[in-house]
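Listed here are the chains, written in short residue letters.
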Amino acid sequence: APASDQPPARRSGPGPRRAGFTMVELMMVVIVAGVLLAIAVPSFRDMLERRLLEGQANELVTDLQYAKSEAVARNRNVLMMTGGAGACYTVAAWAASAPGAPRVGGCDCASGPGAACTPGAGNRPIELKTVTLVGGALVNGGPFEFEPVRGALEPAAAASAAVNLGSRSYTVNVTPMGRVTPFTN
């Protein structure tokens, strides 16, 4: 017999049948999604904080290497100093290259890029770069001063700086010869 001659299939329950999900099924999906989100958000936030701190520490390593190379390239001492309660740092070269030239003025990175070092006559620091840390990260340590012959630290002693964010911290070390070692935690 042709298919059109067969009676319609029987349904259970009153009323027309509708496609879709029941309210109970939808509520279960919402509950499961909420539980998964509650588990994922703290670890995601932790990962973002860790990546932000690693990025700031990597930038500090790069800027210390930059300061060392600029000391040799410019044939004058270059320094990196923190300021702004640890929220920023400035890389600057001394204006005079003569050893023992009296130094005047200073830098305050809290004044912002382009305005961190005091202008004027004499052996004042010339701003090369100013960095403001983001996301609440802070840097402490230094100042670091690199001499122009070998790029070694002055005074010749190992030094370190730490980049902190919350309970996390990464330390950047500089050897007396001016070698910058990547961060450790």
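None of the values given here were measured: they were computed from a predicted structure. Residue positions are counted from 1 within each chain, in the order its sequence is given. Reporting in this predicted model follows two pLDDT cut-offs: at least 70 for local features of residues, and 80 or more for side-chain atom pairs to be given and counted; totals over whole chains, interfaces and linings ignore these cut-offs and use all residues. As a convention, hydrogens and water are excluded, and side-chain values are obtained from all of the structure's heavy atoms.

Caption draft 1: Geometry of the overall build of the chain. Here a strand is any run of E in DSSP of at least two residues, a helix any run of H or I of at least four, and the numbering for each starts at the N terminus. If you tally the helices and strands in the chain, you get one helix and eight strands. Overall, the chain shows an N-to-C arrangement of helices and strands of α-β-β-β-β-β-β-β-β. Each residue is assigned to one of three classes by its accessible area relative to the maximum for its type, calculated with a 1.4 Å probe on protein chains only: buried under 20%, partly exposed between the two thresholds, exposed over 50%. Looking at the chain residue by residue over its 185 residues, the buried ones come to 31%. By definition in these notes, contact holds between two residues if any of their heavy atoms fall within 4.5 Å. Residue pairs at least 24 apart in sequence account for 55% of intrachain contacts in the chain once pairs closer than 6 positions are excluded. Entry remark: accessible area of the chain is about 11300 Å², with carbon and sulfur atoms responsible for 61%. Each accessible area value is a Shrake-Rupley result obtained with a 1.4 Å probe; residue values ignore everything except the protein chains displayed when judging cover.

Caption draft 2: Region of the structure containing the state of the cysteines. Counting rule for disulfides: a pair of cysteine sulfur atoms within 2.5 Å. On inspection of all chains with the given rule, the structure shows two disulfides. With a sulfur-sulfur separation of 2.0 Å, C107 is cross-linked through a disulfide to C117. Taking the torsion about the sulfur-sulfur bond, which here is approximately 95 degrees, the covalent link between C107 and C117 counts as right-handed. Here the residue C107 occupies a position in the loop between β2 (88-94) and β3 (125-132), and C117 occupies one in the loop between β2 and β3, the gap between them amounting to 10 residues. Both residues of the pair, C107 and C117, count as buried. Each bonded cysteine in the chain gets a number by its place in the sequence, and the pairs come out as 1-3, 2-4.

Caption draft 3: Main features of the pairing of β2. Counting buried positions along β2 gives seven out of seven residues, so the element sits mostly inside the fold. Residues C88, T90, A92 and W94 point to one face of β2 and Y89, V91 and A93 to the other, with burial holding for every one of them. Any two strands are treated as partners once DSSP identifies two or more bridges connecting them. As defined by bridge partners, strand β1 (residues 78-83) adjoins β2 across six bridges and the pair is classed as antiparallel. Bridged to L79 within β2 is A92. Linking two consecutive strands that pair antiparallel, namely β1 and β2, is a turn of four residues; a positive phi of about 60 degrees is found at G84 within it.

Caption draft 4: Quick look at the environment of W94. Here W94 lies in strand β2. Residue classification places W94 among the buried residues on the basis of a relative accessible area of 8%. When the C-alpha positions of W94 and R74 are compared, they lie 9.7 Å apart, and in sequence the two are 20 residues distant. In this structure the side chain of W94 is engaged in a polar contact, spanning 3.4 Å, whose partner is the side chain of E145. For the purposes of these results, a polar contact is taken to be a pair of N or O atoms within 3.5 Å, where, inside protein, one atom must be able to donate a hydrogen and its partner to accept one; residues adjacent in sequence count only when each atom of the pair is a side-chain atom.

Caption draft 5: Broad picture of the side chain of E70. Looking at the element boundaries, E70 is found in helix α1 (residues 23-74). Beyond its immediate stretch of four places on either side in the chain, E70 contacts N75, V78 and L128.

Caption draft 6: Summary view of a nonpolar patch on the surface. A cluster of nonpolar side chains, namely V24, M28, I31, V35 and I39, defines an oily patch on the protein surface of about 500 Å² accessible area. Inspection of the secondary structure puts V35 in helix α1. According to the relative accessible area criterion, V35 is partly exposed, its value standing at 47%. Distance thresholds for patches are 9 Å for like charges and 5 Å for nonpolar side chains (Val, Leu, Ile, Met, Phe, Trp, Tyr), applied to residues having over 30% relative accessible area and no salt bridge. We define a salt bridge as a contact between a side-chain nitrogen of Lys or Arg and a carboxyl oxygen of Asp or Glu at a distance within 4 Å.

That's the geometry; what it means functionally is another story.
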